[in-house]
Amino acid sequence: SQLFIKDLHFDGVPVRIYLPREPSTSKWRGVIFFHGGCGIFGSIRSYERVCRYIARKSDSVVASVGYHLAPEHKYPAQTLECLTATVHFLKTAETYGVDPARIIVCGDSVGGTYTASVCQELGHRTDIPKIRAQVLIYPFLQALNFNLPSHQKNAAAAFLSRERTVHFILKYLNKDCSLKEPILAGSHVPESINLKYRKWINPDLIPDVFKLGYKPPLPTSFLPQVHEEVQELFKPWFSPLLAEDAVICPLPDTCIVTCEHDVLRDEGLLYKKRLEDNNVRVTWHHVEKGFH
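Residues numbered from 1 in each chain as written. Predicted model: local features only at pLDDT ≥ 70, side-chain atom pairs only at ≥ 80, totals over all residues. Heavy atoms only, no water.

- The protein appears in an unreviewed UniProt entry as ADCL4 protein from Eulacestoma nigropectus.

### Re the UniProt feature "domain: Alpha/beta hydrolase fold-3" (unreviewed entry) in the protein
Turning to step 1, where the next piece is worked out: The sites that carry the UniProt feature "domain: Alpha/beta hydrolase fold-3" (unreviewed entry) are, in the present numbering, residues 31-183 and 232-292.
Turning to step 2, where the next piece is worked out: Secondary structure content for residues 31-183 is 39% helix and 17% strand, while the C-alpha to C-alpha distance between its ends is 35 Å.
Turning to step 3, where the next piece is worked out: As a span, residues 232-292 carries 28% helix and 31% strand, and end to end its C-alpha atoms are 24 Å apart. (UniProt positions renumbered as here; feature names shortened; annotations may be inferred. Helix = DSSP H or I, 4+ residues; strand = E, 2+ residues; numbered from the N terminus.)

### Some thoughts on the layout of surface pockets
Turning to step 1, where the next piece is worked out: Of the voids in this model, the largest pocket is the one considered here, and its volume is about 620 Å³.
Turning to step 2, where the next piece is worked out: Along its surface, the largest pocket is lined by 28 residues, and N145, A185, N194, R198 and P217 are the ones closest to its centre.
Turning to step 3, where the next piece is worked out: Those elements giving two or more residues to the lining of the largest pocket turn out to be α6 (180-185) and α7 (191-197).
Turning to step 4, where the next piece is worked out: The leading source of residues in the lining of the largest pocket is α7, at four residues.
Turning to step 5, where the next piece is worked out: Taken together, the residues of the lining of the largest pocket break down into 17 nonpolar, nine polar and two charged.
Turning to step 6, where the next piece is worked out: In this structure, the second largest pocket occupies an estimated 410 Å³ of space.
Turning to step 7, where the next piece is worked out: Lining the second largest pocket we find 18 residues, and of these V31, I54, I104, C106 and V135 sit closest to its centre.
Turning to step 8, where the next piece is worked out: Residue assignment for the lining of the second largest pocket shows that the elements contributing at least two residues are β3 (28-34), α1 (48-58), β5 (98-108) and β6 (133-137).
Turning to step 9, where the next piece is worked out: Counted by class, the lining of the second largest pocket contains 11 nonpolar, three polar and four charged residues. (1 Å grid on protein atoms, 1.4 Å probe; cavity = no way out; pocket = protein on both sides within 12 Å on 5 of 7 lines; lining within 4 Å. Points joined across faces, edges and corners; volume = space filled by probe spheres on them. Nonpolar A, V, L, I, M, F, W, Y, C, P; charged D, E, K, R; others polar.)

See the structure below:
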């Protein structure tokens, strides 16, 4: 009763938009929302309650993006559709009574990945309004190291275990699931790449309070054939933690939500540190009893 809800297309991408019914004396804020589900599950419909809640509680116009799912729609179609929908909304915000200078991008899990990727992609664009802020809710941000403290601690966590994380990645990319074990062991990463990204993806960068009981993994041998099969994992579009500092610097104000009982917890912590090291303003919420 408090919202008008419309199904639209933004340059061909399905979007459900939630507009407050109450007339406003000023322009609304805008929220672009990307749902989670590993890029292979989830829909506008399954996030209906979440988006209604955000629209009501934040007094904002919410645009929920219904990107097409993998593997039927081949990666990176999902990231591209999120980018297309975001650019469209930034350009046409005033049509919906939204202030283009007050639009945030938000997503959970892989929706957090798309949020990070879209903000990185648009950081240097001058032909469209700047995104005001990004909200990353337990985002997936890297596929190099599956032996961080949170991976060990929550390896058998309900819903998203360590093993299922890699299984879903392979399903998403339409790859052979026999690659799962070598990727879990880290055999897909050559030493040169490990050395290059150690400054950003490293258990030493995780605060000690999150490392209780952590055991460094045993060294594994590099398997070139596995590396060749999963080249996508080494691109910032898939692993936003790998973006260069020049891409991180212009990012908007950021809110990161991490959960204690989540394999992806440490990726949020590592991205938080990267952003802060590049003078991006970060608000961090850690949910002690939360899970993915």
